[in-house]
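# Fold and geometry: a report
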Amino acid sequence: MSSEARLREQICLLAKSMFDRGLTGGSTGNISARTDDGGLLVSPTGTSFGRLDPGRLSRFDAQGTLIGGDKPTKEMPLHSAFYDTRSTAGAVVHLHSCHSVALSMMPDVDEDNFLPPLTPYGIMKLGKVKLLPFFLPGDPAMGEAVRGLAGKRSAVMLANHGPVVAGKDVEAACNAVEELEDTARLAMLTRGLSPRALTDDQVRAVVMKFDVEWDV
Ligand SMILES: [Zn+2]
């Protein structure tokens, strides 16, 4: 099997796994990954994560021209914004995941550091997650807001909508977005119960030990 065929299979397998676990429902969510030739594979518009077809993923060449497959997701500008500003981005995943959307609606979240420091893994895999404002679906301002971060963040949360996470490859991006949702779930579960979050010193120790992009 060629490396592109393997990548196509992997995208569909990971998307189905997230769909099966209720991480994004209906035809929501979109995923993209860099190919060896500098192009992109992207989930098509209107498709369900539960039923992506490896042979019908949108295929772009290195110049950004659609050269095969179905029409790409409407949220393509979000994906392009990460690839254009983060040289390390090999894949981007966007979900409409329940708990992170719920947390984005809470009045007192820190917009610069959306996830509270509840576990070391949320910090290690995501760094600081920026909460972006609400945008109408398809508004190109969403991509512009990501570009405005100048590649300094690997993960953003679109308020009342869902997270968008970049990773070095498709597996890393999926693991990171799952960590974001799990941490948001913990935050919602323990909300109002005065949970003992990590202290500033503990956060700093995690950041130092695992070389996390943090003071950006
Ligand atoms: Zn969306």
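Since this is a predicted model, take the numbers as computed values, not measurements.

### With respect to the sheet that holds strand β5 (residues 91–94)
Strand order in the open sheet formed by eight strands is β4-β3-β2-β1-β5-β8-β7-β6, and the pairing between neighbours is mixed. The sheet is open, and its two edges are formed by β4 (66–68) and β6 (130–132), each paired on a single side. Averaged over all adjacent pairs, the angle separating strand axes in this sheet is 20°, with direction ignored. Across three bridges, the pairing between β6 and strand β7 (residues 155–158) is parallel. Following the sheet pairing, L131 is matched in β7 by M157. Here helix α6 (residues 170–189) sits on the sheet in contact with β1 (30–34), β5, β7 and β8 (162–167), set at roughly 145° to β8.

### Here's the deal with the nonpolar core
Core analysis: the biggest nonpolar cluster contains 36 residues, and I11 and F114 have the highest contact counts within it. Put simply, the parts of the chain that give this core at least two residues each are α1 (3–20), β1, β5, α3 (98–104), β7 and α6. Setting aside residues up to four positions removed in sequence, F114 forms contacts with S100, L103, S104, V109, V129, L131, M157 and L180. F60, V92, L149 and L158 belong to the second largest nonpolar core, which has 19 residues in total.

### What about the UniProt feature "domain: Class II aldolase/adducin N-terminal" (unreviewed entry) in the chain?
Taking the UniProt record as the reference, the feature "domain: Class II aldolase/adducin N-terminal" (unreviewed entry) is found at residues 9–188. A distance of 34 Å separates the end C-alpha atoms of residues 9–188, which is 34% helix and 17% strand.

### Concerning α1
Between the first and last C-alpha of α1 there are 25 Å, a value that for 18 residues agrees with the 26 Å anticipated at 1.5 Å per step. Residues L7, R8, I11, C12, A15 and M18 constitute the buried set of α1. The arc enclosing the buried residues of α1, seen along the axis, measures out at 130°, which places them on a common side. Residues L13 and D20 are exposed on α1 and point more than 90 degrees away from its buried face. Looking at the buried residues of α1, the elements they touch are β1, β2 (40–42), β3 (58–60), β5 and α6. Phi for G22, located one or two positions after α1, is positive at around 75°.

### Details of the pairing of β5
Judged by which residues are buried, β5 turns out to be covered on both faces: A91 and V93 on one side and V92 and H94 on the other are all buried. The pairing of β5 with β8 spans four bridges and is classified as antiparallel. Opposite H94, over in β8, you have V164 as the bridge partner.

### With respect to unusual backbone geometry
Positive phi outside glycine occurs at A150, with the angle close to 55°. Structurally, A150 is set in the loop between α5 (141–147) and β7. Residue A150 is classed as partly exposed on the basis of its relative accessible area, which comes to 47%. Of note in the backbone geometry, N160 takes a positive phi value of approximately 55° without being a glycine. Here N160 lies in the loop between β7 and β8. Exposure remark for N160: the relative accessible area of 42% places this residue in the partly exposed category.

Here is what the cut-offs are and how they apply
- Residues numbered from 1 in each chain as written.
- Predicted model: local features only at pLDDT ≥ 70, side-chain atom pairs only at ≥ 80, totals over all residues.
- Heavy atoms only, no water.
- Pairing = 2+ DSSP bridges.
- Helix = DSSP H or I, 4+ residues; strand = E, 2+ residues; numbered from the N terminus.
- Axes fitted to C-alpha atoms, helices over the stretch in contact; angles between N-to-C directions.
- Contact = heavy atoms within 4.5 Å.
- Core = buried A, V, L, I, M, F, W, Y, C linked by side-chain atoms within 4.5 Å.
- Buried < 20%, exposed > 50% of the residue type's maximum accessible area, 1.4 Å probe, protein only.
- UniProt positions renumbered as here; feature names shortened; annotations may be inferred.
- Expected span 1.5 Å × (residues − 1).
- Arc of directions from axis to C-beta.

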